[in-house]
Structure formats: C-alpha cells, structure tokens
Amino acid sequence: MATVTLEKLTKVYPNGTTAVSDLDLTVADGEFMVLIGPSGCGKTTALRMVAGLEKITGGHVRIDDRIVNDLPPKARDIAMVFQNYALYPQMTVADNIGFGLKVRKVPKAAIRDKVEAASQVLGLHEHLDQKPAQLSGGQRQRVAMGRAIVREPAVFLMDEPLSNLDAKLRVQMRAEISEVQRHVGVATLYVTHDQTEAMTMGDRVAVLRSGVLQQCDRPQSLYDYPDNLFVAGFIGSPSMNLYEGELSPDAHAVRLGGQTLIIPPSVQEARPRIGEFRDQKLIVGIRPEHLTLENPLEGATLSGEVQIVEALGSELMIHFHIDATPVHSDEEFSDLASGGAPLATHAAGIARVQSRSQIRAGEVATFAVETEWLHFFDPATGTAVRDRLPD
Amino acid sequence: MYESTAARWFRRVTLALIALFALFPLLIILLTTIKPLKDVQNTFQWIPSHITLAPYAEIWSTVPLLHYFVNSLIVSSSSTVVSVTLAVFAGYAISRFQFRGRRLFSLAVLSTQMFPGILFLLPLYLIYVNIGRSIGISLYGSYLGLIITYLTFALPFAVWMLAGFFATIPRELEEAAMVDGTSHWGALFRIVLPLARPGIVAVAVFAFMTAWGEVLFASVLTTQSTRTLGIGLQEYATSGDTAWNQMMAAAVVVSAPVVVVFLALQRHLIRGLTSGSVKG
C-alpha cells in the first residue's frame, strides 16, 4: 500500500527529443489514476520511468516518499501489466503467475496457495497447467493480471492492457480490472489512449500532450470543465464543437458567423475573465449533447444545414454546417498561438439529439443551445476562459 | 492439392533417382569398407566376393586414428563452446543495447563473411610463427592455434546469427522478468536463453561441424601431435599402397559423431516456442 509521486519528471532522449516534460502527479493509496493522451504524448514513457525500465533524465519518482530513481525495477515493489501480455511462453500459467514469487525465494507451498487464490479470483483455475499459446487473448490478459496481483506490490502499472482485445471483450475486461483493483486496493497507474476506459475506470484522469500535463481531474470534472482547448477536444466523443467567435463589446453575446448567441448572466458571472475579450475573437465550444431540437429560445439558437444524419437507434448524430470558422484543437493549434489562421478541417459540427426527429440531410436544422454549457477559450493560448468552478 | 496419378509417379521416380544419386557414393564407401584390400584394388564388384570387418579393426593401428580423434574432439568442442558462449553475449548486446560503436561492430562482424577463408591461411601462419618467436607462445602446431583459427570462422557468423535471433524475442519478456524480480542477468539466463535454444543449438552445430570437417588450415597449422582427423585420413595413402578399405572405414567412423550430435540435437531446433507469449 503506497502512494506514487511524480515530481517534475522529465525524459529527454539522447537525440534531443523531449518525451516527458516536468510532469507533476500524485497517485494516492488505492487510487486508480489514468494517464491518457494521443500517441506519442509520453504517457508510456512516464509509466516506464516509474517502473524503472526507462532512465529518468530529470525530476523524481517517489514510491511512498522514497525516491526510487536509481533503484532497479525489482527493488521498487511494483508490478506491471504489459500491452501484449509478455507471458513467459515456455512456462505454464501457474508458473507464469508464480514466477515473481519464485524469484524472490518464497517457499513452494506459499507460492502454490497464492497462485490458487489468484486463479480463483481471475477464473483461471482450469488453465493452470496450460501454456500461454493455448489460451485466448482475454485469458492471457488475466494471466498477466494474476502475475501482477500475486506479488501484492505497492503499485500497479498497466500499459494499455486492453488495446489488443476486441471491443466486446474490452467492455468485459474493463469491469473486471476495475473490480480487481478495488478489491486489492493498490495505487494504480493506468496508461491508455481510449477515452471510455479513462472515463469509466479512473478515479482521476491525467491528460498528456507532447509530454506536458494538460489537466488532471476526476473524469466528470475533466468533461464539464476542461482547462484548455486540447482537453476540451480530446475528452468526449464525438468531440466538442469548436468555433471562432466574436464577443460583443458588452460581453453579453457572442457572434458565430452570421448568428448570435446570448450569454446568460450566470455564465458570465462564473467567468470573470471573459471581460478581457470584449469586442475580440473568442473560441466558443458546445458539446454535441447540448444542442437539442426542442424549444429553441430567442438568442439561444443555432441554425445550420444538415449534411449527414447518423441514426444510432437511441439517438441521432446530426452533422451540420454553419458559417462560423471551426477550430481544430489538435497539434495544429500551435498555428493559432503564433498568429496563423486556424486550420479548417472537418467543417461539420455534430449535434446529438433524440431520435424522434425526422430531420434529413439538406434541410436546415435549428438547434436549441444550452447556453449554460458554453465553453470559452482564449484564441492566443487555448486556455479556458473562466475562474475555476469549485468541484 | 490434386495430383494426377502420372504426376505422382513422376514425382516419386524423380525423387528416388535424386536420392539414389546422393546416396550412391555412400553406398560405394560402405561396400569398400567390408572388402579385403586385394578385392578393392581389383576390378569393381557390386556384390563383394569376400566380406570382412577387419578394416574396422585395422584402422586404429595403421594410423594413430584414436589420437587424431581425440585431437579433433578437443579442438572442435573447444571452439564450439567458446564461440557459442562469446556469441551469446555479443549477440545479446548488439540486439538489446545501444552503445557507441555498435553499428561499426556489427558491420565489422558482417564484413568478415565477405572474404574467402583461404585468404587467411598464409597470414595466420605467419602471425602464429612470429608470435611464437617473439612472445614465445607457441600457436603453430598447438591446440590453441587451431582453436583460434576456427574461432575466426565460427564466431562472426555465430554473433550475427544470434543477434538476429535475439531480436525476434520480444523485449517485454525481459522487462516483465525484471519487474517480477530478476536482474538483467537473471532475465537473460532464465527467460531469454531458454527461448533462444533453437538458435543457440543451430549455431553450435554449425561451429562444431565446420571445425570437425576442416582440412586446409589443419594441414598447415598442425604437427604430428596435434593433427586432426581431416588430414589424418590422408595418411592411409602411403607412398606404397593406399589402404582404400581402411580409409573408407575411417571415414565412416569419423563421420559418426557428427551424425550422432545432429540427431541428438535435432529436436532442440524446433521453433514455435515463442508463439503465444506475446500478442500479435
């Protein structure tokens, strides 16, 4: 049982690339912390530095207040589950699970008992004498987990353990991993690029981009109050609609192309900083589910031409086009910051509505905007415009 | 695949003929070993008129075959053990670590394969003789000299092959072992080497066979006491009579160890152990 603390953790490769930059993170005892981000954002590198598989260039890793920078993996009291399982192919499932104990010279009887217990928890009892090659993907993943659990470590490290499983199995394993972690109560650092895993499994989620921490918060807070453009666009699927807008001189309304949205007073009060953008460009964000087809109110509507309607059974995804300039919250963001024009990529906004509507492509849809849920971002830096709302 | 009767028979006959062609010399050798010398020197007989096993007994006294056998065994085994051991560590280092000069080293190892072996004969001889004269370590006519010579053949090939082999073993296995509690050495010995067994065995067999059958360098770099089997066999042909039947018998006897070694180690060459340990 332990905490994990990353202090200004940095990794710079010999060729000069910075993979992780000044990462500060604390994982409490028993907490499930998810590290998420696009490919190449440094999340796996950070995890490997905690594991001791990657040399640390700067900063510290503490496990329970003890600095472990110079300790080899075996001395850090950690267990790791790899993306492609890394099971020892020449050993049986029982031997695989028990390997860590055998290496530490635990008596044979104790090993047998622990392996038994772990196999019961994970449903591997019938497979103990088989070799990894004879197991399915999900079973191999469970063996990898068994190998980690049985060591009763201070920290669990998991590197995208579900990304090699098919969708259905992933749903099942997500629940299993969460349950096992809760049962064992060990601090866990879990790396993934899958949002659903992050949102459903994490106690807290840390979003990384190009080696820099963007925001670390509870999943719902990340969703409702993203700190910057990147997090706003990254969390949530389909992603938030982002447009370039203009704030009115009195800061009561914002123009998107030819249309105007009135900002409710409550929203204004909650965002003191918005005053700085009077009569200036402002990036406006609206999540797809905050656009509905019911009861459009004056000053809180958005009309656009419908391009595609995707019927999902429980809801409709309406892809529409308005004449405001969309903002792509991706790596191209650096263009915005340096004064260049934002790249207009997929021009369609997306609205997520109830499926009773008969709307079709080519028609003009008028959406009611839930303006309490408007997000605003500084065009120069991408940071959210508000003072942080209390959790 | 559907095969017509005609095609099947054609295939069988062709393969049989090819097999016969390959085995024919072996058959002649075996026949020769059981004939008395006079019959051998006479016109060739398919079915021997006299059969004798005497040659198999005589070979040991006509020529000090046992002594040569021991020499070959010592030299071949030593060069095999040393080259495999060094190649395992070198190959592992090349495939796993980044270090300065890694690329240069790999290229150097590979480039040695470009040269025809015979080029090294004279230089090696001169080097050995000079070392013997200057430092006093006698390499010419010693086991050590021959072993070192065979190392120059076997080692580069072994390093290159094992480096490639280790590269196919996923790095995550060692990482998992190190997280589980082994040191880097532990991971190498407990996890990687068992998995690399097919490659190691292949390299060992290659090294052994190369050394065992080598004649050219042995003929130059050995003396009477260190002579190996390759040239030892030639001694059955004296200035007087050539004892063909004994020579053939010795050849059969000499080939036996290699065949035995190969058959014994064959099952270790079976791959397929790593499938299933890692996804994809």
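Residues numbered from 1 in each chain as written. Chains lettered and ligands numbered in written order. Predicted model: local features only at pLDDT ≥ 70, side-chain atom pairs only at ≥ 80, totals over all residues.

A word on the overall build of chain A
Line of reasoning, step 1. A count of helical and extended segments in chain A gives 10 helices and 21 strands.
Line of reasoning, step 2. Expressed along its principal axes, the backbone C-alpha trace of chain A runs to roughly 75 × 45 × 40 Å.
Line of reasoning, step 3. Across the 391 residues in chain A, those meeting the buried criterion constitute 44%.
Line of reasoning, step 4. Counting only contacts in chain A whose residues sit at least 6 apart along the sequence, the fraction spanning at least 24 positions is 71%. (Helix = DSSP H or I, 4+ residues; strand = E, 2+ residues; numbered from the N terminus. Buried ≥ 20, exposed ≤ 12 C-beta atoms within 10 Å, placed from the backbone. Contact = placed C-beta atoms within 7 Å.)

What to know about the sheet that holds strand S2 (residues 18-27) of chain A
Residues and elements named next belong to chain A.
Line of reasoning, step 1. One open sheet holds the four strands; their spatial order is S2-S1-S4-S5, and the pairing between them is antiparallel. Since the sheet does not close on itself, it has two edges, and those belong to S2 and strand S5 (66-67), each with one partner.
Line of reasoning, step 2. Strand direction decides the pairing type here: strand S1 (residues 4-12) and S2, joined by six bridges, are antiparallel. From the neighbouring strand, Thr 5 faces S2, where its bridge partner is Thr 26.
Line of reasoning, step 3. Of the strands in this sheet, S1, S2 and strand S4 (58-63) touch helix H1 (residues 43-51), which is tilted by about 115 degrees from S1. (Pairing = 2+ DSSP bridges. Axes fitted to C-alpha atoms, helices over the stretch in contact; angles between N-to-C directions.)

Re the sheet that holds strand S10 (residues 212-217) of chain A
Residues and elements named next belong to chain A.
Line of reasoning, step 1. Strand order in the open sheet made by the six strands is S6-S7-S8-S3-S9-S10, with mixed pairing throughout. A single partner strand is all that each edge strand has here, and the edge strands are strand S6 (78-81) and S10. On average, adjacent strands in this sheet sit at an angle of 20 degrees to one another, irrespective of strand direction.
Line of reasoning, step 2. Here four bridges tie strand S3 (residues 32-36) to strand S9 (residues 204-209), and the two strands are oriented parallel to one another. In the sheet register, Ile 36 faces S9, and the bridge partner there is Val 207.

Some words on the interface of chain B and chain A
Line of reasoning, step 1. Across the boundary between the two partners, chain B contributes 23 residues, which contact 25 residues of chain A.
Line of reasoning, step 2. Ranked by the residues each element gives to the side of chain B that touches chain A, the list is headed by helix H8 (residues 171-180) of chain B, at seven residues.
Line of reasoning, step 3. A per-class count over the side of chain B that touches chain A returns 10 nonpolar, nine polar and four charged. (Nonpolar A, V, L, I, M, F, W, Y, C, P; charged D, E, K, R; others polar.)

Considerations on the domain arrangement of chain A
Line of reasoning, step 1. According to the domain assignment, chain A contains domain 1 (4-224) and domain 2 (239-377).
Line of reasoning, step 2. Placing the centre of domain 1 of chain A and that of domain 2 of chain A at their C-alpha centroids yields a distance of 38 Å. (Domains from an automatic or database assignment.)

Things to note about the nonpolar core
Note that soluble globular proteins tend to have their nonpolar side chains buried in a common cluster.
Line of reasoning, step 1. Membership of the largest hydrophobic core comes to 152 residues, with the highest contact counts inside it found for Val 34, Leu 35, Met 80, Val 155, Leu 157, Leu 189 and Ala 206 of chain A.
Line of reasoning, step 2. Leaving out residues up to four positions away in the same chain, Leu 35 of chain A has contacts with Lys 43, Ala 46, Leu 47, Leu 189, Tyr 190, Val 191, Ala 206 and Leu 208 of chain A.
Line of reasoning, step 3. Ile 59, Tyr 68, Tyr 236 and Met 247 of chain B belong to the second largest nonpolar core, which has 13 residues in total. (Core = buried A, V, L, I, M, F, W, Y, C linked by C-beta atoms within 7 Å.)

Overview of the packing of helix H10 (residues 197-212) of chain B against helix H13 (residues 244-265) of chain B
All names here are of chain B.
Line of reasoning, step 1. The contact between H10 and H13 brings their axes to 11 Å, and the two run at 175 degrees. Our classification of the angle between H10 and H13 gives roughly antiparallel. Only Val 258, Val 261, Phe 262 and Leu 265 of H13 make contact with H10, whose side of the interface consists of Val 201, Val 205, Phe 208, Met 209 and Trp 212.
Line of reasoning, step 2. Here the residues of the contact of H10 with H13 sort into nine nonpolar, no polar and no charged. (Parallel < 35°, antiparallel > 145°, perpendicular 65-115°, else oblique.)

Observations concerning the confidence of the model for chain B
Residues and elements named next belong to chain B.
Line of reasoning, step 1. In this model, chain B carries a mean pLDDT of 84, and residues with pLDDT of at least 70 account for 95%.
Line of reasoning, step 2. Within chain B, the element-level pLDDT minimum falls on helix H2 (residues 37-41), averaging 78, and the maximum on H8, averaging 92.
Line of reasoning, step 3. Segment residues 272-277 is flagged for pLDDT under 50; beyond a separation of four residues in sequence, or across chains, it makes 16 contacts in the model. (pLDDT = per-residue confidence, 0-100.)

Notes on H8 of chain B
Line of reasoning, step 1. Burial analysis of H8 of chain B places nine of its 10 residues in the buried class, which makes it a mostly covered element.
Line of reasoning, step 2. Buried within H8 of chain B we find Glu 172, Leu 173, Glu 174, Glu 175, Ala 176, Ala 177, Met 178, Val 179 and Asp 180 of chain B.
Line of reasoning, step 3. Of the surrounding elements, those touching the buried residues of H8 of chain B are H1, S6 and helix H2 (93-103) of chain A together with helix H9 (184-195) of chain B.
Line of reasoning, step 4. Immediately downstream of H8 of chain B, the backbone of Gly 181 of chain B shows phi near 135 degrees, a positive value.

Re unusual backbone geometry
Residue and element names in this part refer to chain A.
Line of reasoning, step 1. With omega at 0 degrees, the peptide bond leading from Ser 237 into Pro 238 counts as cis.
Line of reasoning, step 2. Residue placement: Pro 238 occurs in the loop between helix H8 (229-234) and strand S11 (241-247).
Line of reasoning, step 3. The backbone of Lys 105 shows a phi angle near 60 degrees, a positive value even though the residue is not glycine.
Line of reasoning, step 4. One can find Lys 105 in the loop between H2 and helix H3 (108-122).
Line of reasoning, step 5. With 8 C-beta atoms counted inside 10 Å, the residue Lys 105 sits in the exposed group.
Line of reasoning, step 6. We note that Asp 279 has phi near 60 degrees; this positive angle belongs to a residue other than glycine.
Line of reasoning, step 7. Here Asp 279 falls in the exposed class, since 11 other C-beta atoms lie within 10 Å of it.

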